[in-house]
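Examining the three-dimensional arrangement
The chain contents come next:
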Amino acid sequence: MTDLQGIVEEIHARLSPRCGEGRVADYIPQLAHVDPKKFGIAVVTVDGAVHLAGDADEAFSIQSISKVFTLTLALGKHGEAIWKRVGREPSGSAFNSIVQLEHEGGIPRNPFINAGAIAITDLVLAGHTPKEAIGEIVRFLRYLADEDDIIIDQAVARSEQATGFRNFALANFMRSFGKLDHAAELVLGVYFHQCALAMSCRQLAKAGLFLANSGTNPLTGHRVVSHLRARRINALMLTCGHYDGSGDFAYRVGLPGKSGVGGGILAVAPGKASVAVWSPGLNENGNSLIGSLALEMLAARTGWSVFGA
Ligand code: DON
């Protein structure tokens, strides 16, 4: 039997000396205050075992990882109709790029680049006030993780609200093509709050477990999405979850994954486990440098790559 706890502790011990490598995101001023040496790993298997190392119980800003959960919510509300508003192709561009939007008529390439996530949040907002939509997203995360103390870091949300000029540009650009139903201020009010959700590696791994178990959370028995939908969300995470670093992540790790500029990564080993890592230093694509290495080591030691052991 694989000694998962031993593996997780070994990876943590080996990489700890390198913590601090990479660049902490500072374009959202509040994120720059985080200790770059933080490092946590959580592995939650589909049979309910939890393996932790390092700062796995400390909450951090999940940022773009929230896009997996708002995509799940939007699919639940609008079904396959969401694909009229956003594509399913890797962009090959930075997460906050605007260049393709003009050529492609205001339809973002995929739901994980910022433009695509903003379009998805616009759909989650349908029929709600921004406050209600934010409440729905927080409740959804609490339900998925089965944890009541998941909250939004209001200082991070305010910090991005004050400086998110690119996101305002993306939203207004899409609105100019008639591809956003609500005003940029309203959609981004929700988007900045979803990105500011604060969760620990343990909570995040638990929240993602439905994706590793064909749509049902094995810890609670809640059927979150169908088998088919879980498979499709995983496919999008694999092809688009690390932006223009998605190919490299698939090559090195071989698991569906979603990164955030807070330094977190959620990875899914279908049929096996949900994994969350956190280390704030980022690589050139805006993905956690040490977090990616930790997942590469985990996949190598467990044989969990979806491309074969
Ligand atoms: O919109 C932004 O720029 C941030 N709230 C989220 C970006 C992000 O996490 C990109 N991921 N690596």
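For the structure itself, look to the data block above.
Residues numbered from 1 in each chain as written. Predicted model: local features only at pLDDT ≥ 70, side-chain atom pairs only at ≥ 80, totals over all residues. Heavy atoms only, no water.

Pairing of strand 1 (residues 40–45) with strand 2 (residues 50–54) involves five bridges; the strand directions are antiparallel. The residue bridging A42 from the neighbouring strand is L52, located in strand 2. The loop that links strand 1 with its antiparallel partner strand 2 comprises four residues; one of these, G48, has a positive phi angle of about 95°. (Pairing = 2+ DSSP bridges. Helix = DSSP H or I, 4+ residues; strand = E, 2+ residues; numbered from the N terminus.)

Right, let's talk about the pairing of strand 7 (residues 264–269) for a bit. Extensive coverage of strand 7 is indicated by the burial of six of its six residues. Neither face of strand 7 is open: one carries G264, L266 and V268, the other I265, A267 and A269, and all of them are buried. Here three bridges tie strand 6 (residues 257–259) to strand 7, and the two strands are oriented antiparallel to one another. The residue of strand 7 that forms the bridge with S259 is I265. Between strand 6 and strand 7, which pair antiparallel and follow one another directly, the connecting turn spans four residues, one of which, G263, has a positive phi of 100°. Two successive antiparallel strands, strand 7 and strand 8 (residues 273–278), enclose a turn made up of three residues, where G271 displays a positive phi of approximately 80°. (Buried < 20%, exposed > 50% of the residue type's maximum accessible area, 1.4 Å probe, protein only.)

A few words now on the sheet that holds strand 1. Spatial strand order, 2-1-8-7-6: five strands in an open sheet with antiparallel pairing. Of all strands in the sheet, those bounded by a partner on one side alone are strand 2 and strand 6. Neighbouring strand axes in the sheet, compared pairwise and without regard to direction, differ in orientation by 10° on average. Here six bridges tie strand 7 to strand 8, and the two strands are oriented antiparallel to one another. Its bridge partner lying in strand 8, I265 is registered against V277. Its contacts with the sheet put helix 1 (residues 4–15) on strand 1 and strand 2, and the angle it makes with strand 2 is roughly 20°. Docked against the sheet, helix 13 (residues 289–302) engages strand 1, strand 7 and strand 8, running at close to 150° with respect to strand 8. (Axes fitted to C-alpha atoms, helices over the stretch in contact; angles between N-to-C directions. Contact = heavy atoms within 4.5 Å.)

Turning next to the sheet that holds strand 5 (residues 197–199). If you trace the three strands from one edge of the open sheet to the other, you get 3-5-4, paired in antiparallel fashion. Two strands in the sheet have a free side with no partner beyond their single neighbour: strand 3 (60–61) and strand 4 (151–152). Contacting strand 4 and strand 5, helix 5 (residues 130–145) crosses the sheet at an angle of about 15° to strand 5.

Summarising the element assignment, A53 is placed in strand 2. Classification of A53 as buried rests on a relative accessible area of 8%. The spacing of A53 and E185 is 132 residues in sequence and 40 Å in space, taken between C-alpha atoms. Setting aside its immediate chain neighbours within four residues, A53 contacts V8, E9, H12, F39, G40 and I41.

Before going further, it helps to examine the site of the ligand. Taken together, 16 residues lie around the ligand, and Y27, Q63, S64, E160 and Y191 are the ones closest in. At a separation of 2.6 Å, a nitrogen atom of the ligand approaches a polar side-chain atom of Q63. Between Y243 and the ligand, the recorded distance is 3.3 Å, taken from a side-chain N or O atom to a nitrogen atom. Burial of the ligand by the surrounding chains reaches 100%, relative to a free accessible area of 340 Å². Residue composition of the shell around the ligand, grouped by class: seven nonpolar, eight polar and one charged. (Near = heavy atom within 4 Å. Polar contact = N/O pair within 3.5 Å; in protein donor to acceptor, adjacent residues only side chain to side chain. Areas by Shrake-Rupley, 256 points an atom, 1.4 Å probe, with all protein chains shown as cover. Nonpolar A, V, L, I, M, F, W, Y, C, P; charged D, E, K, R; others polar.)

What follows covers the pattern of salt bridges. Scanning the entire structure with this criterion turns up 15 salt bridges. Here R301 ties to E10 by a salt bridge, and the two come within 2.7 Å at their closest N and O atoms. In this pair, R301 is assigned in helix 13 and E10 in helix 1, connecting sequence segments 291 residues apart. Taking the shortest distance from any N to any O, the salt bridge between K38 and E58 comes out at 3.0 Å. With a gap of 20 residues between them, K38 in the loop between helix 1 and strand 1 and E58 in the loop between strand 2 and strand 3 connect regions that are remote in the sequence. Counted as one network, the salt bridges with shared partners bring together E10, R14 and R301. (Salt bridge = Lys/Arg side-chain N within 4 Å of Asp/Glu carboxyl O.)

Before going further, it helps to examine helix 13. Between the first and last C-alpha of helix 13 there are 20 Å, a value that for 14 residues agrees with the 20 Å anticipated at 1.5 Å per step. Burial within helix 13 is extensive, with ten of its 14 residues counted as buried. If you check which residues of helix 13 are buried, you get I290, G291, S292, L293, A294, L295, M297, L298, A299 and T302. Buried positions along helix 13 lie against helix 1, strand 1, helix 12 (246–252), strand 7 and strand 8. N-cap assignment for helix 13: the residue whose side-chain oxygen lies 3.0 Å from the backbone N of G291 is S288. Backbone geometry just downstream of helix 13 places G303 in the positive-phi region, at approximately 75°. (Expected span 1.5 Å × (residues − 1).)

Right, let's talk about the nonpolar core for a bit. Membership of the largest hydrophobic core comes to 79 residues, with the highest contact counts inside it found for F69, L71 and I118. Of all hydrophobic cores here, the second largest spans 27 residues; its members include I11, F249, V277 and W304. (Core = buried A, V, L, I, M, F, W, Y, C linked by side-chain atoms within 4.5 Å.)

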